[in-house]
Amino acid sequence: MVRDFRSAYAELGGGGEPRIVALQYFSIGDDHADASVANLRSYDAWPGDWTEGIAQSAARSEGDLRTRQAAFEDLGVDEFIRDPSVAALDQVDHLADVVLA
């Protein structure tokens, strides 16, 4: 989508470089997976057919977080927002382990 957006932006006469911001849901740890899916199904119920895809797309491991971060960096994303999909403080520690490594 990032490449398509940049192309459309240029084709439609956008000036300069657009600022690209991406959002990623995550929950690290097998003990959080079910709650994460349930939370995302509830929170993101509004897009209908897309809801299940959103619920299942959350990163579920530190390795997955690292892989996605690298992919977004390779695409030139300017800002990468990560949103824990469970209310558990350990998620902040898991994210810090990835981001600060």
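Residues numbered from 1 in each chain as written. Predicted model: local features only at pLDDT ≥ 70, side-chain atom pairs only at ≥ 80, totals over all residues. Heavy atoms only, no water.

Undergrad: I keep staring at the packing of helix 4 (residues 62-74) against helix 5 (residues 90-99) and nothing clicks. Help me out?
TA: When two helices pack together, their arrangement is given by the angle between the helix axes and the distance between those axes. Interaxial distance between helix 4 and helix 5 falls to 10 Å at its minimum, and their mutual angle equals 50 degrees. The angle between helix 4 and helix 5 falls in the class oblique. You can see that helix 4 and helix 5 cross each other, and the crossing is right-handed. Contacts between helix 4 and helix 5 involve Glu 62, Leu 65, Arg 66 and Gln 69 on the former and, on the latter, His 94, Leu 95, Asp 97, Val 98 and Val 99. Its residues assigned to classes, the contact of helix 4 with helix 5 shows 4 nonpolar, 2 polar and 3 charged. (Axes fitted to C-alpha atoms, helices over the stretch in contact; angles between N-to-C directions. Helix = DSSP H or I, 4+ residues; strand = E, 2+ residues; numbered from the N terminus. Parallel < 35°, antiparallel > 145°, perpendicular 65-115°, else oblique. Left-handed = near helix turned anticlockwise from the far one by under 90°. Contact = heavy atoms within 4.5 Å. Nonpolar A, V, L, I, M, F, W, Y, C, P; charged D, E, K, R; others polar.)

Undergrad: Is there a simple way to think about helix 5 in this case?
TA: The periodicity of an α-helix, 3.6 residues per turn, causes residues three or four positions apart to be oriented the same way. Those residues of helix 5 that fall on the buried side of the exposure criterion are Gln 91, Leu 95 and Val 98. Viewed end-on, helix 5 has its buried residues packed into an arc of 60 degrees, placing them on one side of the element. For helix 5, the elements touching its buried residues are strand 1 (21-26), helix 4 and strand 2 (79-84). (Buried < 20%, exposed > 50% of the residue type's maximum accessible area, 1.4 Å probe, protein only. Arc of directions from axis to C-beta.)

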